[in-house]
Amino acid sequence: MAGRSQRRLLSLTALTRPRPSGSHTHATVIAGRQYTIPANHGTTTPNERNKNVASPKKPTHTTRKQTPVSHIPSPTTFEYPQARHEVHEGTAAISMPFNPPGGGPSGPGTSGGGFSFTNSPVLDAILTTAIGLGAGGIAYVKWYKKNVLDKIEDAFAAGYDPALELAKAHVVKRAPPDEDATDPIFTEVEPWTHSLRRKEQDMIDPIIHGEEAGHYFMLLGPKGSGKGTMIFESMAKCNAEGVSMCDAHPDLEVFRLRLGKALNFEYNEDTQTGLFQRRDPREGGPALDIERAMNKLEKVALRCAPVRNKPLVLVINNVHFFQNDEEGRNMLLQLQQKAEAWAASGVLTMVFSSDDFWPFHVMRRNGSRMHASFLLSDRDLNSEEALHAAARIRHDTGRLTSIENPELQKAVSLVGGRLSYLNKVSKAKDMVGMAKHLLEVEKAWLQSQIGLIPDCDDDVMDEQKWSSCSWLLLHEFVKLREEQIAAREEAGESTDNLPLPSIPYWRCRQIMTRADFMEELDRLNIISIDIQHDVRPDSNLILHAAQEVTQEEGFDDLLNNVRDRIDEIESLHRTRELTFKDLGKGDMVRLAVDKRGEELLATINDDDD
C-alpha cells in the first residue's frame, strides 16, 4: 500500500514540474516510468512526421525505447493540474477524491469511488441484492398476509354478495297492483314471498342475522320446500352483512373454488412470494386447501367478533351433494369440526342445508352443539297458504285469479303445497292441465325407477328385490291416505287440507324387511325423512302417482308374482348338487328322506347307554 502511494506521488510530482525552455523534448514520469515526448508532438505536419521517421534522432535522456503517450495533449493545449501536496506544503490537505479500500481505482482519468462492503465488486453486488430482496420480501409477505385477511373480511361486509345477487330477479317485470281488488295479496307491490311469511322464517332470521350464538344448525327438508328461499329472504333483510353462502358439490375441487369465491380467498394462488419463501405443498388435495381457507376465516372471525358483538355466519347449501363415501364423509366431518369449535367460542355460526337425511345422520354422531331443538325440518304449505301463494304468483305474471277459482283449487289439490310445483302451475295458462302433466311425468319417472318386472331373470333379482320392497312401503302410504280420507268424511270435514301420511322409521324397516333401501329412496326423492325419524312421501305428486299405480287392476297379483319369483331364484341359489362317481350302467342310487332324525338319534343314544 505504501509503495503504491509513493508511485502515485512521484507521478503527480513529475506532472507538476516545469518544462525547461528551449528543449526539444521533455521527460514525463507516469506511474513510476519515464517517457520522452517531443516538443513538437501534436503540431507537426504529415511531411514532418515522415521526415522524423526517416531520420530519427537519438534520445538524450533515456536508454530505453521510447513509447509515445497518445493520451497526453501537446504543451500548447495541455494544462497540468496545480495540485497541492503535503510534501511541498507541509500538512496541507490533499485535493483528491476519497477512495476507500476495495472501492476500485481512483485518481486522474477515473470516476469517483462509492461505498462497498468488500474489496470485490461481485461480492458487493451479491450482498446488495440479497439485502434488498430480504427486506422487500419480508415487507411483501407481511402485506400480503394482511391483505388476505382484509379481503375475507370484505366478503362479510354489507352490500354485494354473489349468491344473493344471483337469487334476485333482475329482468322480471311484475304486474302493477290491482286497486279494485278486495284481496290484500293483489294490492301489494312486493313479491308474494313478502305477503306469505312462513312460521319457520321466524326461526331462520335470528340465525342468519347472527343473533343465535353457541350453536350450528341443519336445515333439513324435501327438495323445493323453500329452504333456500327463506335463507335468501333473511340475507336480503340484513343486506348480507356478516353472512356468506356457497353451494356444495360432489367434486371437492369444485367445492374448493366455490368456497374460495364465497370467502374472497385465492388460496395463495395470486401471491408473488416465490422468490422469498417456499411455496406451500399442494399434494394434500382440496381438503388441505379448504383447511387453509378455514384457518384464515378463523382469524378474521376472531378479530371481527369483538367489533360486531355477534358471530359471522357461513351457509353451506345442499350438503347432500357430497358423495356418501369416505371422501365425502371426511369433508363433512372436517366442516363439522370447525363448526363445533366456532360455535363454542361464539365467533362464527355455520348453517348446513340438505334435502337428504344421510348428512344429518352422519353429523349427528359427532355433533355435541347440534341439538334437535335447534334443527328445522321444512314441510309443504298447507291448503290455505298454497292457494294464497299460487294466486299471488299468478298475479305477478299478469293474470288475475281469485282464491275461490275452482281451477286454481283443483290444481293446488293435485300438486299440494310444494313451492317448486306451485310456481310451475301458477305461471301456466292452463293450471289444471299443467298439474296433470306434472302428475303424469312423476308417475312415469316413478315406474322407471322402481317398476316391477314379472318373471324376472336372476340377473335383475337384486334390483327387483329393491323395487318390490319400495312398493310395499308406498302401498302402505296409500292405505294411510285412504284412512285419512275416510276419517274426514265420517267427521263431515273437508278432505282438501290433508297432511302427507307418515310412518316411523323403525316401522318402515319392518315393512320393507331391508333397512339399507331407505337411503336410496331418500336420495331419489321418493320419500323424505325428517329429524324426528318420520318417513313421508316426498311430495303430494309422488303420493298421487303411487295411488294411481297401486289402484290399477292386477297390481297386487303383479307384486306377489315378483316376490315369489325372487324367492324361487334365491331358493335355486341355495340348492346344492350331489355327484356320484364310479357308477356303472344299470347301477341304482336310492335316496330317502327321514324326518324322524331326532327320534333316531335319541334311540341310538339310548342303545349306547
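A brief look at the structure comes next. Here the structure is a predicted model, which is why all the values come from computation and not from measurement.

Another point: the overall build of the chain. Across its full length, the chain carries 22 helices and 10 strands. Considering only intrachain contacts with a sequence separation of at least 6, the fraction spanning at least 24 residues in the chain is 70%. Total accessible area on the chain is roughly 36,400 Å²; 52% of this is exposed by carbon and sulfur atoms.

Next up on the list: the nonpolar core. Among the nonpolar cores identified, the biggest contains 103 residues, and Phe322, Met350, Phe352 and Trp471 are the most heavily contacted of them. Residues within four places of phenylalanine 352 in sequence aside, it is in contact with Tyr216, Phe217, Met218, Leu219, Ile316, Val319, Leu335, Ala339 and Met363. Core analysis: the next-biggest nonpolar cluster, separate from the first, contains 17 residues, Ala163, Ile231, Met235 and Val313 among them.

Another point: the pairing of strand S5 (residues 312-317). Across the six residues of S5, six count as buried, placing the element largely inside the fold. Every second residue of S5 is oriented toward a common face, with Leu312, Leu314 and Ile316 on one face and Val313, Val315 and Asn317 on the other, all of them buried. Bridge count between strand S4 (residues 243-247) and S5: five bridges; the pairing is parallel. Paired with serine 244 across the strands is leucine 314, a residue of S5. Examined bridge by bridge, S5 and strand S6 (residues 348-354) share five bridges and lie parallel to one another. Residue pairing in the sheet places isoleucine 316 in a bridge with phenylalanine 352 of S6.

On to unusual backbone geometry, then. The backbone phi angle of asparagine 239 is positive, close to 60°, even though this residue is not glycine. Tracing the chain through its elements places asparagine 239 in the loop between helix H8 (227-237) and S4. For asparagine 239, a relative accessible area of 40% corresponds to the partly exposed category.

According to the stated counting rule, one finds six aromatic pairs in the structure shown. Judged by centre distance (6.3 Å) and plane angle (80°), the ring pair of tyrosine 216 and phenylalanine 352 falls under edge-to-face. You can see tyrosine 216 sitting in the loop between helix H7 (201-208) and strand S3 (217-220) and its partner phenylalanine 352 sitting in strand S6, a full 136 residues away along the chain. Each member of the pair tyrosine 216 and phenylalanine 352 is classed as buried. Taken together, a centroid distance of 5.2 Å and an interplanar angle of 90° make the contact between phenylalanine 255 and phenylalanine 322 edge-to-face. Linking phenylalanine 255 in helix H9 (residues 252-263) with phenylalanine 322 in the loop between S5 and helix H11 (326-345), this pair joins segments that are 67 residues apart in sequence. Phenylalanine 255 gets classed as buried once you look at its relative accessible area, which sits at 0%. Look at phenylalanine 322 and you get buried, because its relative accessible area is 2%. Among the aromatic side chains, those forming a connected cluster through ring pairs are Phe357, Phe360 and Tyr505.

This brings us to a nonpolar patch on the surface. Residues Leu578, Phe580, Leu583, Val589 and Leu591 make up a contiguous nonpolar surface patch of roughly 540 Å² in combined accessible area. Relative to the helices and strands, valine 589 is located in the loop between helix H21 (555-573) and helix H22 (597-608). Overall, valine 589 belongs to the partly exposed group, its relative accessible area being 40%.

At their nearest, the axes of helix H17 (residues 461-491) and helix H20 (residues 540-550) sit 9 Å apart, and the two run at 100° to each other. Taken together, the axes of H17 and H20 are roughly perpendicular relative to one another. Contacts between H17 and H20 involve Trp471, Leu474, His475, Phe477, Val478 and Arg481 from the former and Asn540, Leu543, Ala546, Gln547, Val549 and Thr550 from the latter. Looking at the contact of H17 with H20, its residues break down into seven nonpolar, four polar and one charged.

All right, on to the pattern of salt bridges then. Per the counting criterion, the structure on display carries 19 salt bridges. We note a salt bridge from glutamate 520 to arginine 523, for which the minimum N-O separation is 2.4 Å. Placement of both glutamate 520 and arginine 523 in helix H19 (residues 517-523) is noted, with a separation of three residues, approximately one turn of the helix. Judged by its relative accessible area of 30%, glutamate 520 is partly exposed. Arginine 523 sits in the partly exposed class, given a relative accessible area of 48%. The network of salt bridges with common partners includes Lys146, Asp150, Glu153 and Arg303.

With that settled, consider the sheet that holds strand S9 (residues 527-529). Spatial strand order, S8-S10-S9: three strands in an open sheet with antiparallel pairing. Two strands lie at the open edges of the sheet, namely strand S8 (503-504) and S9, each paired on one side alone. Of the strand pairs in this sheet, S8 and strand S10 (residues 534-537) are connected by two bridges, and their pairing is antiparallel. Across the sheet, isoleucine 503 pairs through a bridge with valine 535, a residue of S10.

What counts as what
- Residues numbered from 1 in each chain as written.
- Predicted model: local features only at pLDDT ≥ 70, side-chain atom pairs only at ≥ 80, totals over all residues.
- Heavy atoms only, no water.
- Helix = DSSP H or I, 4+ residues; strand = E, 2+ residues; numbered from the N terminus.
- Contact = heavy atoms within 4.5 Å.
- Areas by Shrake-Rupley, 256 points an atom, 1.4 Å probe, with all protein chains shown as cover.
- Core = buried A, V, L, I, M, F, W, Y, C linked by side-chain atoms within 4.5 Å.
- Buried < 20%, exposed > 50% of the residue type's maximum accessible area, 1.4 Å probe, protein only.
- Pairing = 2+ DSSP bridges.
- Phe/Tyr/Trp six-rings, centres within 6.5 Å; stacked < 30°, edge-to-face > 60°.
- Patch = residues over 30% accessible without salt bridge, like charges linked within 9 Å, V, L, I, M, F, W, Y side chains within 5 Å.
- Salt bridge = Lys/Arg side-chain N within 4 Å of Asp/Glu carboxyl O.
- Axes fitted to C-alpha atoms, helices over the stretch in contact; angles between N-to-C directions.
- Parallel < 35°, antiparallel > 145°, perpendicular 65-115°, else oblique.
- Nonpolar A, V, L, I, M, F, W, Y, C, P; charged D, E, K, R; others polar.

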